[in-house]
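Notes for the structure review
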Amino acid sequence: QVQLVESGGGLVQPGGSLRLSCAASGRIVSIGTVAWYRQAPGKERSLVAQITSGGTTNYADSVKGRFTISRDNDKSTVYLQMNSLESEDTGDYFCYAIIRTSNMISAYWGQGTQVTVSS
């Protein structure tokens, strides 16, 4: 059984910062690409940032220069550093990962963590 657990969400003022964490646990052989998605109220879930197993990153245009995705393979954890937060960044943030276990490769979602940017 593999689990992804997000943490680090909360309420922050515009211009502030938060760091989200996504920790994977279970019978994991390796972790491939990991991504953060955001679902704003009343909107569809959309890609915010992703990082490959080799460290290549990709960002949504709306967060380029403000957000940084990174990974610590020893801890099976991916981070999303969010700076200069704007009200438009408000939403539920979900971690998505391609994970190899002993007998298969599957995609997993975390349960989400809420980010609210408001004064």
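Higher on the page you've got the structure.
Position numbers for residues start from 1 in each chain and track the written sequence from start to end. Reporting of local features is limited, given that this is a predicted model, to residues whose pLDDT is at least 70; pairs of side-chain atoms are given and counted only at 80 or more, and all residues count toward the totals for whole chains, interfaces and linings. With hydrogens and water set aside, each side-chain value is computed from the structure's full complement of heavy atoms.

Side chains on a regular strand alternate between the two faces of the sheet. Think of it in three bands: residues with accessible area under 20% of the maximum for their type are buried, residues over 50% are exposed, and the middle band is partly exposed, with areas taken using a 1.4 Å probe on protein chains only. In this description a helix means any DSSP run of H or I spanning at least four residues, a strand means any run of E spanning at least two, and both kinds are numbered starting from the N terminus. Only one face of strand 10 (residues 105-109) is covered, namely the face carrying S106 and Y108; the face carrying I105, A107 and W109 is uncovered. Two strands are counted as paired when DSSP detects at least two bridges linking them. As consecutive antiparallel partners, strand 9 (residues 91-100) and strand 10 are separated by four residues.

Before going further, it helps to spend a moment on the sheet that holds strand 8 (residues 77-82). Across the sheet, four strands lie side by side as 1-3-8-7; this open sheet has antiparallel pairing. Each edge of the sheet is formed by a strand with only one pairing partner; in this case those strands are strand 1 (3-7) and strand 7 (67-72). Neighbouring strand axes in the sheet, compared pairwise and without regard to direction, differ in orientation by 15 degrees on average. Axis geometry follows a simple rule: fit a line to the C-alpha atoms, using only the stretch in contact for helices, then measure angles between N-to-C directions, giving values from 0 to 180 degrees.

Turning our attention to the pairing of strand 8. Burial runs high along strand 8: five of the six residues are buried. Judged from the six bridges that link them, strand 3 (residues 18-25) and strand 8 form a sheet pairing that is antiparallel. Following the sheet pairing, L20 is matched in strand 8 by L80. For strand 7 and strand 8, the ladder comprises six bridges, and the chain directions are antiparallel. Of the residues in strand 8, the one forming a bridge with I69 is L80. What sits between the antiparallel neighbours strand 7 and strand 8 is a turn of four residues, in which S76 has the positive phi angle 50 degrees.

Attention now goes to the pattern of salt bridges. A pair is scored as a salt bridge if a Lys or Arg side-chain nitrogen falls within 4 Å of a carboxyl oxygen belonging to Asp or Glu. All chains considered together, the criterion is met by four salt bridges. One salt bridge in this structure joins K64 and D61, with 3.1 Å as the shortest N-O distance. Through salt bridges that share partners, R38, R66, E86 and D89 make up one connected network.

Below, the discussion takes up the packing of aromatic side chains. The aromatic pairing rule takes the rings of Phe, Tyr and Trp, using the six-membered ring of Trp, and pairs them if the centres are within 6.5 Å, calling planes under 30 degrees apart stacked, those over 60 edge-to-face and the rest tilted. Counted by the stated rule, this structure contains three aromatic pairs. Centroid distance Y37 to Y96: 6.0 Å. Interplanar angle 75 degrees. Geometry classified as edge-to-face. Within this pair, whereas Y37 is found in strand 4 (residues 30-39), its partner Y96 is found in strand 9, the two being separated by 59 residues in sequence. The partly exposed category is assigned to Y96, whose relative accessible area is 23%. Grouped by ring-pair contacts, the aromatic residues Y37, Y96 and W109 constitute a single cluster. As a reminder, the over-ring test applies to NZ of lysine and CZ of arginine, requiring each to be within 6 Å of the ring centre and within 35 degrees of the ring normal. For R45, the ring lying beneath its charged end belongs to W109, and the centroid distance is 4.7 Å.

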